[in-house]
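# Coordinate analysis (summary)
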Amino acid sequence: MMNQAETDRLNHLCRQFRKDLIEVLHERQTGHPGGSLSVCEILTVLLFEEMRVDPDHPDRVDRDRLILSKGHAAPMLYRVLAERGFFPVEELHTLRKLNSRLQGHPCLLDTPGVDMTSGPLGLGLSVGLGAAIGLQKQGLSSRVYVVLGDGELNEGTVWEAVMSASKFHPENLTTIVDYNGVQLDGPTSVIMPEGDLKAKFEAFGWQVLTCDGHIVADLYDSLQKAKTITSKPVVIIAKTVKGKGVSFMEGQNAWHGKAIDDAHYEIAISELGGTD
Ligand SMILES: Cc1ncc(C[n+]2csc(CCOP(=O)(O)OP(=O)(O)O)c2C)c(N)n1
Ligand SMILES: [Mg+2]
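Residues numbered from 1 in each chain as written. Chains lettered and ligands numbered in written order. Predicted model: local features only at pLDDT ≥ 70, side-chain atom pairs only at ≥ 80, totals over all residues. Heavy atoms only, no water.

## Regarding the packing of helix 3 (residues 40-50) against helix 9 (residues 216-228)
Closest axis-to-axis distance for the helix 3/helix 9 pair is 10 Å, and the angle between their directions is 60°. Classified by the angle their axes make, helix 3 and helix 9 are oblique. Considering how the two elements wind past one another, helix 3 and helix 9 form a crossing that is right-handed. Across the interface between the two elements, Glu41, Ile42, Val45, Leu46, Glu49 and Glu50 of helix 3 pack against Val216, Leu219, Tyr220, Leu223, Gln224 and Lys227 of helix 9. Per-class residue counts for the contact of helix 3 with helix 9 are 7 nonpolar, 1 polar and 4 charged. (Axes fitted to C-alpha atoms, helices over the stretch in contact; angles between N-to-C directions. Helix = DSSP H or I, 4+ residues; strand = E, 2+ residues; numbered from the N terminus. Parallel < 35°, antiparallel > 145°, perpendicular 65-115°, else oblique. Left-handed = near helix turned anticlockwise from the far one by under 90°. Contact = heavy atoms within 4.5 Å. Nonpolar A, V, L, I, M, F, W, Y, C, P; charged D, E, K, R; others polar.)

## Remarks on the site of ligand 1
Around ligand 1, the structure places 17 residues, and the nearest of them are Lys70, His72, Asp150, Gly151 and Val182. Here Lys70 contributes a side-chain N or O atom positioned 2.6 Å from an oxygen atom of ligand 1. Contact between ligand 1 and Asp150: an oxygen atom at 2.6 Å from a side-chain N or O atom of the residue. Its free accessible area being 600 Å², ligand 1 has 76% of it covered by the protein chains. (Near = heavy atom within 4 Å. Polar contact = N/O pair within 3.5 Å; in protein donor to acceptor, adjacent residues only side chain to side chain. Areas by Shrake-Rupley, 256 points an atom, 1.4 Å probe, with all protein chains shown as cover.)

## What to know about the state of the cysteines
Evaluated as defined, the whole model comprises 0 disulfides. Left unpaired, Cys40 is separated from the closest cysteine sulfur, that of Cys14, by 3.7 Å. (Disulfide = S-S within 2.5 Å.)

## A short note on the sheet that holds strand 4 (residues 207-212)
Pairing is parallel in the open sheet, where 5 strands are placed in the order 1-2-3-5-4. Of all strands in the sheet, those bounded by a partner on one side alone are strand 1 (65-68) and strand 4. The sheet shows a mean angle of 20° between the axes of neighbouring strands, direction not considered. Bridge analysis of strand 4 against strand 5 (residues 234-239) gives 6 bridges, and the strand direction is parallel. (Pairing = 2+ DSSP bridges.)

## Points about the coordination of the magnesium ion (ligand 2)
Distances from the magnesium ion (ligand 2) to its protein donors, Asp150 (OD), Asn180 (OD1) and Val182 (O), fall at 2.1 Å. Written as a sequence motif, the donor residues of the magnesium ion (ligand 2) are D-x29-N-x1-V. Here Asp150, found in the loop between strand 2 (144-149) and helix 6 (156-168), pairs with Val182, found in the loop between strand 3 (173-179) and helix 7 (188-191); they are 32 residues apart in sequence, far enough to count as distant. The exposure classification of Asp150 matches that of Val182, with both residues buried. (Donors = N, O, S within 2.8 Å, 3.2 Å for Na, K, Ca; no water. Buried < 20%, exposed > 50% of the residue type's maximum accessible area, 1.4 Å probe, protein only.)

## Notes on the pattern of salt bridges
Applying the stated criterion across every chain, the model contains 11 salt bridges. The partner of Glu41 in a salt bridge is Arg18, with the nearest N and O atoms 2.8 Å apart. Linking Glu41 in helix 3 with Arg18 in helix 1 (residues 4-28), this pair joins segments that are 23 residues apart in sequence. One exposure class covers both Glu41 and Arg18, and it is buried. Of the charged contacts in the structure, one is a salt bridge between Glu91 and Arg101, with a shortest N-O distance of 2.8 Å. Of the two residues, Glu91 is situated in the loop between helix 4 (74-83) and helix 5 (124-137) and Arg101 in the loop between helix 4 and helix 5; the sequence distance between them amounts to 10 residues. Take Glu91: its relative accessible area is 15%, and that puts it in the buried class. Overlapping salt bridges, with partners in common, bring together Asp20, Arg79 and Glu83 in one network. (Salt bridge = Lys/Arg side-chain N within 4 Å of Asp/Glu carboxyl O.)

Next comes the structure, spelled out in structure tokens:
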């Protein structure tokens, strides 16, 4: 269990990350606010509590791997990686600039802490499964964490990987779905209804855990429980809100990938507690 002091620390970090995200996306007039705000606690708990990483040696072979399969949430990944020490926080201002290490979607070759180039949806679980099997075969104790979007589950390739994982079920793979119910152009239930996701994963031989994806202690407990399940693959369906923390973005696909104008910027920043 995470103690209160640690819970407070992570919540404080998440507030800061949200504010900084809005600052940078407003400044750069680009990026994906909705899915970045949604995945904030998931990435923070992973990188600050759960994963074994070494920012001074980002490529060390015995590290845990993080695959942000919903690569459009890169700005939040960058913010969390920067705080964790992988590169300077000031570098975030170079987001999506020519020759920046911080492109619109994560790039394995450019950015320390990025373990898979992503952006085209539907690929992360296949890569994560292969990586987990490979690490296990090498006798390494590294874990692989794959973060998927719920709209991303529309991709058939995800379900090929779900099926393969249940055949190979490496014990070192944890999959998390950022289950915010919204994708690019509408609610997931309208664009391509996924029905009872828990039943679907179970039908493929997976174990399903559910949690509140904005409650850091809940996420942490689910991540611990996931590691105890070794007989089958496990997915954590983390209930989230797209645009979490900014009232006019919450649950709104319109803010999936829209530049933040000055008026909305002012409101967002004041809701998140003002500039520092
Ligand atoms: C193969 C592919 N098709 C379409 C897109 C365009 N696209 C980017 S994000 C997105 C919606 C993703 O929704 P979801 O997975 O629910 O992400 P989140 O709500 O967390 O932002 C789409 C369709 C893409 N990146 N890749
Ligand atoms: Mg979504």
